[in-house]
Amino acid sequence: MPRQTFHVLILDDDPDDTFLICDTVDSITASPYEHMVAHTPEAARKLLNEQTFDIVLCDYRLGATSGIDFINSIRAVGHTLPVILLTGMEDRSTDEEALAAGAADFISKSGLSSSVIDRTIRYAVANAERQQLLSTVLTSVNAAVCVLDRNGRPNLWNPSFGELACDAYPGEEEVDAVASQAERLRTPETIHTIGERILDKKISDLADNRRVITLHDVTDHIRALREREKAENRAAHTAKHCSLTGLPNRMAFAERLSSEIARADDTIGEFNILNIE
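Enquirer: Honestly, the overall build of the chain in this entry has me stumped. Any pointers?
Expert: Broken down by element type, the chain carries nine helices and 12 strands. Rg of the C-alpha trace for the chain: 32 Å, well past the compact-globule value of 19 Å for 277 residues, more than 25% over. Projected onto its principal axes, the C-alpha coordinates of the chain cover approximately 110 × 40 × 35 Å. Across the 277 residues in the chain, those meeting the buried criterion constitute 34%.

Quick look at the structure:
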């Protein structure tokens, strides 16, 4: 089976760093790579609109902007390919900020090697393909579904979940509404209501420590059960009451008498009946 060729877009405004990254990518022998270079975010966005890439290697510092700004800009116009940020510093807060913005990974330039880049790219592309498949499945299912990352933050949801979240939190943007809704659904209750809708909740754990929240709209089912219960209660009342006067009939009297006899057997042993003609 032929190995997959990875098409890489490299975005870095420093010529020396660009040469180092390209040389490292060219030295990879485990998988075939083809790459193109952009020195500005504008040039990179132009290439993304004109050609197809599997992944972007993006410098964290891009003059007046950052790699995180670049990620936000391409996500806003629908580009979903993974982006790996490269930086000259090792900072956990920057790492967390990058992942929160949607970066596939975060690599320090000081630890750059052909094996590190090859492994990181392959994992990022494979994960992106799984995410795309999952997103397609989520869109097609007849339920509201949200996937939480290992830290409990929503990172993937289908339109149904987004719609419910916006209905529950009308003053918030969808991403904030989804986060608020996911936090609300952490409670152990399995039945939740949003407006007039009644939802049955299920939370499942995935093998990679992510969690999936599934909401099924059971409004019609619950309403049907309630209507059936009302109808049964009305039928029982009609069977035990006179249709003209509304007073209890012989069936109701016999039922009450049997109940009182059973209670007397268990307690006082006797009771009185007052009969008024």
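Enquirer: Got a minute to help me understand the packing of helix α2 (residues 41-50) against helix α3 (residues 67-76) in this structure?
Expert: If you want to describe how two helices pack, look at the angle between their axes and the distance between the axes. α3 packs onto α2 with a crossing angle of 30° between their chain directions and a minimal axis gap of 11 Å. Between α2 and α3 lies a crossing whose hand is right-handed. Taken together, the residues of α3 that come into contact with α2 (itself represented by Pro41, Ala44, Arg45 and Leu48) are Phe70, Ser73 and Ile74. Tallied by class, the residues present in the contact of α2 with α3 amount to five nonpolar, one polar and one charged.

Enquirer: Is there a simple way to explain the sheet that holds strand β7 (residues 105-108) in this structure?
Expert: The pairing of strands in a sheet comes from backbone hydrogen bonds and takes either a parallel or an antiparallel form. The strand order across the open sheet formed by five strands is β2-β1-β3-β6-β7, and the pairing between neighbours is parallel. The sheet terminates laterally at β2 (33-38) and β7, the two strands that pair on one side only. Between one strand axis and the next, the sheet turns by 25° as a mean value, whatever way the strands run. One ladder, built from six bridges, connects strand β1 (residues 6-11) with β2; its direction is parallel. Note on β2: the bridge partner recorded for Leu9 is Met36.

Enquirer: Even after reading the chapter, I still don't get the pairing of strand β6 (residues 83-87), so can you show me in this structure?
Expert: Each regular strand carries side chains that alternate between the two faces of the sheet. The buried fraction of β6 is high, at five of five residues. Here β6 shows no split at all, with Val83, Leu85 and Thr87 on one side and Ile84 and Leu86 on the other all buried. Pairing geometry for strand β3 (residues 55-59) and β6, over four bridges, is parallel. Bridging from a neighbouring strand, Val56 pairs with Val83 of β6. Here four bridges tie β6 to β7, and the two strands are oriented parallel to one another.

Enquirer: Even after reading the chapter, I still don't get the packing of aromatic side chains, so can you show me in this structure?
Expert: Remark: the centre distance and the inter-plane angle together describe each pair of aromatic rings, the angle taken between the planes. Scanning the model with the defined rule gives two aromatic pairs in all. Centre to centre, the rings of Tyr60 and Phe106 are 6.4 Å apart; their planes meet at 75°, and the pair counts as edge-to-face. Of this pair, Tyr60 sits in the loop between β3 and β4 (61-62) while Phe106 sits in strand β7, and the two are 46 residues apart along the sequence. Given the relative accessible area of 13%, Phe106 is considered buried.

Enquirer: Is there a simple way to think about helix α7 (residues 174-184) in this case?
Expert: Since one α-helical turn is 3.6 residues long, residues separated by three or four positions face the same way. Every buried residue belonging to α7 is among Ala177, Val178, Gln181 and Ala182, and all of these are buried. Relative to the axis of α7, the buried residues are bounded by an arc of 135° and lie together on one face. Each element contacted by the buried residues of α7 is listed here: β8 (144-148), β9 (154-157), α6 (159-168), β10 (191-194) and β12 (211-217).

Enquirer: Would you take a moment to explain the side chain of Thr219 for this structure?
Expert: With respect to the helices, strands and loops of the structure, Thr219 is situated in helix α8 (residues 219-239). On the accessibility criterion, Thr219 (5% relative accessible area) is buried. Only 2.7 Å separates the side chain of Thr219 from the backbone nitrogen of Ile198, close enough to count as a polar contact. Contacts of Thr219, omitting those with residues within four sequence positions, involve Glu196, Arg197 and Ile198.

Enquirer: Would you mind showing me how to read the pairing of β10 here?
Expert: Burial along β10 is one-sided: His192 and Ile194 are buried, and none of Ile191 and Thr193, which face the opposite way, are. Here β10 runs beside strand β11 (residues 197-205); their pairing, made up of four bridges, is antiparallel. Across the sheet, residue Thr193 finds its bridge partner in β11, namely Ile198. With antiparallel pairing between neighbouring strands as the criterion, β10 and β11 make up a hairpin whose turn holds two residues, including Gly195 at a positive phi of roughly 65°.

Enquirer: What is the right way to look at the nonpolar core in this model?
Expert: Generally speaking, nonpolar side chains in soluble globular proteins are found buried as a group. Counting 22 residues, the largest nonpolar core has Leu9, Leu48, Val56, Cys58, Phe70 and Leu85 as the members making the most contacts within it. Among the elements of the structure, β1, α2, β3, α3, β6 and α4 (92-101) are those that each provide at least two residues to this core. Of the residues forming this core, the biggest block, four residues, is contributed by α3. Discounting chain neighbours no more than four positions away, the residues touching Leu9 are Met36, Ala38, Ala44, Leu47, Leu48, Phe53, Ile55, Val56 and Leu57. Of all hydrophobic cores here, the second largest spans 19 residues; its members include Val25, Ile28, Ile117 and Val125.

About the criteria used
- Residues numbered from 1 in each chain as written.
- Predicted model: local features only at pLDDT ≥ 70, side-chain atom pairs only at ≥ 80, totals over all residues.
- Heavy atoms only, no water.
- Helix = DSSP H or I, 4+ residues; strand = E, 2+ residues; numbered from the N terminus.
- Rg over C-alpha atoms; globule rule 2.2 N^0.38 Å.
- Buried < 20%, exposed > 50% of the residue type's maximum accessible area, 1.4 Å probe, protein only.
- Axes fitted to C-alpha atoms, helices over the stretch in contact; angles between N-to-C directions.
- Left-handed = near helix turned anticlockwise from the far one by under 90°.
- Contact = heavy atoms within 4.5 Å.
- Nonpolar A, V, L, I, M, F, W, Y, C, P; charged D, E, K, R; others polar.
- Pairing = 2+ DSSP bridges.
- Phe/Tyr/Trp six-rings, centres within 6.5 Å; stacked < 30°, edge-to-face > 60°.
- Arc of directions from axis to C-beta.
- Polar contact = N/O pair within 3.5 Å; in protein donor to acceptor, adjacent residues only side chain to side chain.
- Core = buried A, V, L, I, M, F, W, Y, C linked by side-chain atoms within 4.5 Å.

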